[in-house]
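# Coordinates in review
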Amino acid sequence: MTGDVPDPLPGWLSGAGRLTVLTGAGISTDSGIPDYRGPDGVWTRDPDAEKLVTLSYYVADPEIRRKAWRMRADLRAGDVTPNAGHRALVDLERQGRLRALLTQNVDGLHQAAGSSPERVLELHGTVHAVACLSCGDRTSMDSAMGRIDAGDPDPACLVCGGILKSATVSFGQALDGAVLDAAAGAAADCDVFLAVGTSLVVYPVAGLVEIAAAHGARVVVVNAEPTPYDGLADLVVREPISTALPRLVARA
Ligand SMILES: [Zn+2]
């Protein structure tokens, strides 16, 4: 079924006790964070922007690093707050029905909305921390921003002098194996797998849908554009996320 959220909800959805949710950029666009691949996406409008999040360029070119830090500092000025979509998933957790919240987003808005940090698996890392590419030392983004503000355009690791980068997964960088394992476990262990605002084209994350379906979960896709998994889904919703999610998590 494809369209708006059905009213009433199908019984397998309103009665589901264990939902695993996967979110992508689409849930944060209503908070003013642009997505990457959509019609107004960052990479669609400026292909060079992709260099800033590609590990080989970042490591090889100090100017790319300076630009990445400058962009991070500029973004910080923006007022970014969670929206109704994020809050609906907090409600789902309060209902005791959230198995896990897997996200491709690095913005921390699920936790800001009130989702328990231990339920959120950040598959692509977070912009709220920085990590050294040599020794792995982690510090807060705030401390890095303090050094930027003090005039260091490309702050180095204070432990070993290595290159620092936001603790996000860049192109050419592997996902955290433990996080991915936990995500696969949550996909295999749910009644309903709900994929929200993700184009489901980036592996291995997109494969989580296959894992869920293979273990018998119903699959719901909420996305403005078609995804490769629409044919496998039991329900496909095209309605905007910030109105669709509150309706999807409401109980019949
Ligand atoms: Zn280091």
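Every value quoted in this text rests on a predicted model; they were computed, and no experiment measured them. (Residues numbered from 1 in each chain as written. Predicted model: local features only at pLDDT ≥ 70, side-chain atom pairs only at ≥ 80, totals over all residues. Heavy atoms only, no water.)

### What to know about the coordination of the zinc ion
Surrounding the zinc ion are the protein donor atoms C132 (SG), C135 (SG), C157 (SG) and C160 (SG), at 2.3 to 2.4 Å. Coordination at the zinc ion is tetrahedral: its four donor atoms span angles of 102 to 114 degrees at the metal. For the zinc ion, the single-chain donor residues occur in sequence as C-x2-C-x21-C-x2-C. (Donors = N, O, S within 2.8 Å, 3.2 Å for Na, K, Ca; no water. Tetrahedral: all angles 85-135°; square planar, octahedral: opposite > 155°, others 65-115°.)

### Quick word on the sheet that holds strand β7 (residues 164-168)
Strand order in the open sheet made by the three strands is β6-β5-β7, with antiparallel pairing throughout. Strand pairing shows two members of the sheet lacking a second neighbour, β6 (138-140) and β7, which therefore form its edges. Recorded for the sheet is a direction-independent mean angle of 45 degrees between the axes of neighbouring strands. With four bridges connecting them, strand β5 (residues 125-132) and β7 associate as antiparallel partners. Paired with A131 across the two strands is K165, which belongs to β7. (Pairing = 2+ DSSP bridges. Helix = DSSP H or I, 4+ residues; strand = E, 2+ residues; numbered from the N terminus. Axes fitted to C-alpha atoms, helices over the stretch in contact; angles between N-to-C directions.)

### So, the UniProt feature "active site" (unreviewed entry) in the chain
In the numbering used here, UniProt assigns the "active site" (unreviewed entry) feature to H124. Turning to its location among the elements, H124 is positioned in the loop between β4 (120-122) and β5. For H124, the contacting residues outside a window of four places in its chain are T103, Q104, V106, A167, T168, V169, L175 and V205. Here the side chain of H124 touches Q104 through a polar contact of 3.3 Å, landing on its backbone oxygen. (UniProt positions renumbered as here; feature names shortened; annotations may be inferred. Contact = heavy atoms within 4.5 Å. Polar contact = N/O pair within 3.5 Å; in protein donor to acceptor, adjacent residues only side chain to side chain.)

### Description of the layout of surface pockets
Approximately 350 Å³ is the volume attributed to the second largest pocket. In this structure, the second largest pocket is lined by 18 residues; those nearest its centre are G125, R138, A167, V169 and D176. Within the residue set of the lining of the second largest pocket, elements represented by two or more residues are β5 and β7. A per-class count over the lining of the second largest pocket returns nine nonpolar, five polar and four charged. Three or more residues apiece are contributed to the lining of the second largest pocket by two domains, here domain 1 (1-33 + 82-124 + 174-252) and domain 2 (36-79 + 126-168). (1 Å grid on protein atoms, 1.4 Å probe; cavity = no way out; pocket = protein on both sides within 12 Å on 5 of 7 lines; lining within 4 Å. Points joined across faces, edges and corners; volume = space filled by probe spheres on them. Nonpolar A, V, L, I, M, F, W, Y, C, P; charged D, E, K, R; others polar. Domains from an automatic or database assignment.)

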